[in-house]
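# Survey of secondary and tertiary structure
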Amino acid sequence: MNAVDKTGNLSRRGFLHVTALAGGGMLLGARFSLDGAPGAAAATAGAETTLNAFIRLTPDGVATIMAQNPEIGQGVKTMLPMLIAEELDIPWSQVRVEQADFDSTKYRGQMAGGSMATPMHYQSMRRVGAAARAMLVAAAARQWKTKPENCTTEAGVVHFKKKSLSYGELASAAAEIEPPNPRTVPLKDPADFQIIGQEIPGVDNPKIVTGEPLFGIDVAVPGMKYAVFEKCRVHGGKVKTANLDAVKASPGVTDAFVVDATAQAGSAAPSMFQVAPPNGIAIVGDSWWLVNEARSKLEVTWDEGPTASQSTAAFDRQAEELSKQAPEQDLRNDGDAAGALASAAKTLEAAYQYPFLAHAPLEPQNTTAHFHDGGLEMWAPIQTPQFARGDLAKTLGIPEDQITIHLTRMGGGFGRRLYWDYMLEAALIARQAGVPVKLVWTREDDTRFDFFRPGGYHYLKGGLDDSGNLVAWRDHFVSFGEGPRFAPSAEMAANEFPQAFVPNFALQASKMPLGIPTGALRAPTSNAISFVVQSFIDELAAEAGKDPLQFRLDLLDAAPDGMRPAFDAKRMKAVLELVRDKSGWGTADLPEGTGQGVAFHFSHRGYFAEVVQATVSKEGELGVDQIWVAGDVGRQLVNPSNAVNQVQGAALDGLAQALDQEITFEGGRTKESNFHNFKLLRIDQAPPVEVHWVMSDNQPTGLGEPALPPVPPALCNAIFAVTGKRIRSLPISRHDLSWA
Amino acid sequence: MAIAFTLNGKSTTVEAPPEMPLLWVLRDELDLKGTKFGCGRSFCGACTVHVNGEPERSCRMPVSRAEGKEITTIEGLSEDGAHPVQVAWQEIDVPQCGYCQAGQIMSASALLASNPQPTDGDIDEAMSGNICRCATYGRIRAAIHHAAKLAQAPPTSHETATGAGGSEA
Ligand code: FES
Ligand code: FES
């Protein structure tokens, strides 16, 4: 970073430190407690109580801001620097953004996940910028022999009376100023924002549109070889024997060997994210394509292990049986659900089911690993570098501080890159091969070896009173796990809606053992639960003879005394009312065969209500005409351009899941392999997504996830409105939608 | 085997197995990393390049078929990122993760070359082989329409916020 710490000028407060740069200018580093994010630390692993930022200000007036968090397409590389630049009071055109490496001595919370970046950093990053501005002002005031309070700033210039000095002119002098306490440094009135709230294009766009290397898969280091890694198709299986010599004789192959870390001591992941130690066959050589071609020569006998008996068909049968038995555990019991169901005026019963899903980020998993000078240097698309490094250190038996991780831009994350299995593989292969290695997975590897969104089964009963009010709700949730533990992302919060809005509420669970890895997919648990809850609510509304949107508004008003819902019902009602008005709900003159469905969901602190309009031909052909989204993520959108992009993407992601996505298993193997049988949405299936906001007076929160969950149920409810058919299992492509 | 073709306007010769897909020749032999690998089976369009001006999936095109052809990759679409499609993509702020976008831009520029004023229907048809996992489809449509305008009336006014700064130098 060309920084020479001339002064050792560490603030006595220990929060900020400034260093003079060789060649002029200042480098400001910050470390202080998290603030302005209630509950942030508890919400997601990796949320820590301190964080850090770096600003480099050079005499040319350019502020270079290190973007500390991994970029997966959520826009954080642009958003976090915007927060700093705003309070620094510098024009965005004078800002450069550089991706920081993973460095736990400099940064905290370097993680992408849980829509956490905005709530974690909204205040703190602003304080860093404000502190830097205060130092520039102090440096100017010192030169002009006046008080800092008498000076003002505007667009990268400090003013006092008729005098002015640019930040560039002040940068070196500011390096001599003791940094202020960032907790008390004043922040701008939001009415004065120049950058926050502006549509700022992504900082990497110029490189993206010209094809410059940015992604993990683009990394190249001198002397590097390419690798592929063949694993047992049965999840958890291991190599017994392989014809390595034949493979080594293939063109372009320089090495082939078995990698087995399953016996490594202490290789359990140190966090909520569990990654099994690798086992498989590495093929290494001079060309990725040639080493991948050599895979077809492999003849391997595998020890398939216990998961070979698991299949989707068996899960379906087992769930059905469990549904008839007493639930294994009670997750929540309010009032007397069984009694209320027995005495309800009307009852409804339904079984819902959703499949496993893959993440399918468009950039396949990859990592470049290079052992040199006694350490390991890696380039990796990874959402959780800190957990990854801890696990790498344990698995490899080397100290954490010998591992350097360069964060690359990621070709999508969606939760897949919370897990670092490919990093472990690359490191083990590079060590064994004795050369720098770039491991690249095929799409088939990526589809088969995911940490899947787990499927699940819900056996529901609902009861209505004489006036059609919901009085009882019972959900027997059949999921995956063993003993008291649910498999990752196979759990369900005990306070999911409609808990606290129904006097008699029972949530019960039973579990099936699972040998297949599962994990967080964008809006984890919510992406599945919302489909179940918001579809069954729709069934109850129909049974009550009420408008489904009004039924929801009434329900949100119905929280019994003494209940504390998981979210603020008023905020949810506001987005429902907004989406009702914007979509023309109940008033639009729709042609025959066209209908609207509605759903809402609260997740990741965001309130979202959505209407989907769909057309179904009598023959059963489905087209989605439009999606309306109303969201409330607090009082400020940091970057409205990216905010809308995220919401539209999340809504269409939900649409893709509902329409035609499922991962199935047979003999412990994933059956789907590429985009022909795990289908991503295409442009001709993508309807317009209209986005509207309720700007409520609450802390700004994140947008990567919460717009997704309402789409699948809203679409299924629209299909019901047209066809009278209830979709109780996903994907929709399984169902005959014809009607007459 | 030596294979000769024109790559981004320059004559190029590579030594490669004839059946090696052009994608891997571009990425790993010629160090042009802009063309992306997504599926390897013509399903996603991330690897789209122009072959004699037509969009082609380079992951399924043996390099031997490039012999004597004119190949254009994202790196060669313009000198300095000034192709109307590249400009429009930035002005509309299309990318999320950005991984698909080189392929999208190559398909979009080929579309506009043959159909300067495409309708939404034309766009859907021409672009349906290009998957965007982040689903930036609304903006892709908008950017293609915008590029069509830019191509007609060379750069004078820009309606969208451009925020010139912010990129890594
Ligand atoms: S990589 Fe060629 S079409 Fe997907
Ligand atoms: S922007 Fe991520 S795949 Fe298109």
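The coordinates are above.
Bear in mind that the values here come from a model prediction, so they are computed numbers and not experimental data.

Cut-offs used in this document
- Residues numbered from 1 in each chain as written.
- Chains lettered and ligands numbered in written order.
- Predicted model: local features only at pLDDT ≥ 70, side-chain atom pairs only at ≥ 80, totals over all residues.
- Heavy atoms only, no water.
- Contact = heavy atoms within 4.5 Å.
- Salt bridge = Lys/Arg side-chain N within 4 Å of Asp/Glu carboxyl O.
- Polar contact = N/O pair within 3.5 Å; in protein donor to acceptor, adjacent residues only side chain to side chain.
- Helix = DSSP H or I, 4+ residues; strand = E, 2+ residues; numbered from the N terminus.
- Nonpolar A, V, L, I, M, F, W, Y, C, P; charged D, E, K, R; others polar.
- Phe/Tyr/Trp six-rings, centres within 6.5 Å; stacked < 30°, edge-to-face > 60°.
- Buried < 20%, exposed > 50% of the residue type's maximum accessible area, 1.4 Å probe, protein only.
- Lys NZ or Arg CZ within 6 Å of the ring centre and 35° of its normal.
- Pairing = 2+ DSSP bridges.
- Axes fitted to C-alpha atoms, helices over the stretch in contact; angles between N-to-C directions.
- 1 Å grid on protein atoms, 1.4 Å probe; cavity = no way out; pocket = protein on both sides within 12 Å on 5 of 7 lines; lining within 4 Å.
- Points joined across faces, edges and corners; volume = space filled by probe spheres on them.

So, on to the interface of chain B and chain A. Facing 57 residues of chain B, the contacting portion of chain A comprises 69 residues. Linking chain B to chain A there are four salt bridges. Across the chain B-chain A interface, the total number found is 26 residue pairs in polar contact (both at pLDDT 80 or more). Looking at the side of chain B that touches chain A, the elements that each hand over two or more residues are α1 (22-29), α2 (84-91), α3 (101-114), α4 (120-127) and α5 (137-152) of chain B. Broken down by class, the residue content of the side of chain B that touches chain A amounts to 26 nonpolar, 17 polar and 14 charged.

For the rest of this paragraph, the subject is the packing of aromatic side chains. Residue and element names in this part refer to chain A. Inspection of every chain in the model, using the stated rule, returns 25 aromatic pairs over all chains. Ring geometry for F477 and F486: centres 6.2 Å apart, planes at 15°, overall stacked. Relative to F600, the ring of F497 lies with its centre 4.9 Å away and its plane at 70°, an arrangement referred to as edge-to-face. Here F497 is found in the loop between β22 (485-486) and β23 (504-512), whereas its partner F600 is found in strand β24 (residues 594-603), with 103 residues between them in sequence. As far as burial versus exposure is concerned, F497 and F600 are alike and both buried. Three or more aromatic residues link up through ring pairs in this structure, and these residues are F497, F501, F567, F600, F602 and Y607. Looking at K511, its charged tip hangs above the ring of F486, at a distance of 4.8 Å from the centre.

The subject of this paragraph is the side chain of T12 of chain B. Residues and elements named next belong to chain B. Within the fold, T12 resides in strand β2 (residues 10-15). A residue is classified by how much of its surface remains accessible, and T12, at 15% relative accessible area, is buried. Leaving out residues up to four positions away in the same chain, T12 has contacts with I3, A4, F5, L7 and L30.

Below, the discussion takes up the sheet that holds strand β6 (residues 152-154) of chain A. Residue and element names in this part refer to chain A. As summarised here, the arrangement of the three strands in space is β6-β7-β8, forming an open sheet in which the pairing is antiparallel. Only two strands of the sheet have a single neighbouring strand rather than two, namely β6 and β8 (163-166). Neighbour-to-neighbour, the strand axes of the sheet open up by a mean angle of 25°, direction not taken into account. Of the strand pairs in this sheet, strand β7 (residues 157-160) and β8 are connected by four bridges, and their pairing is antiparallel. In the sheet register, V157 faces β8, and the bridge partner there is S166. Strands in contact with helix α3 (residues 117-144) are β6, β7 and β8; relative to β7, the strand with the most contacts, it is inclined by about 45°. In the packing of helix α4 (residues 167-174) onto the sheet, contacts are made with β6, β7 and β8, and the angle to β8 comes to roughly 75°.

This part takes up empty space enclosed by the protein. Under the defined criterion, the tally for this structure stands at twelve cavities of 30 Å³ or more. Every residue lining the largest cavity is counted, 18 residues in all, and those nearest its centre are G75, T78, G202 and N642 of chain A together with P95 of chain B. Of all the secondary-structure elements, those providing two or more residues to the lining of the largest cavity are α2 (76-88) and α5 (205-210) of chain A. Split into classes, the residues belonging to the lining of the largest cavity amount to five nonpolar, eight polar and five charged. Reported here for the second largest cavity is a volume of approximately 80 Å³. In terms of lining residues, the second largest cavity is bounded by 14 residues, among which T312, Q353, P355, F356 and Y457 of chain A are the most central. Among the elements that make up the lining of the second largest cavity, the one with the highest residue count is helix α8 (residues 312-324) of chain A (three residues). When grouped by side-chain class, the residues that make up the lining of the second largest cavity number six nonpolar, five polar and three charged.

These figures capture arrangement, not role.
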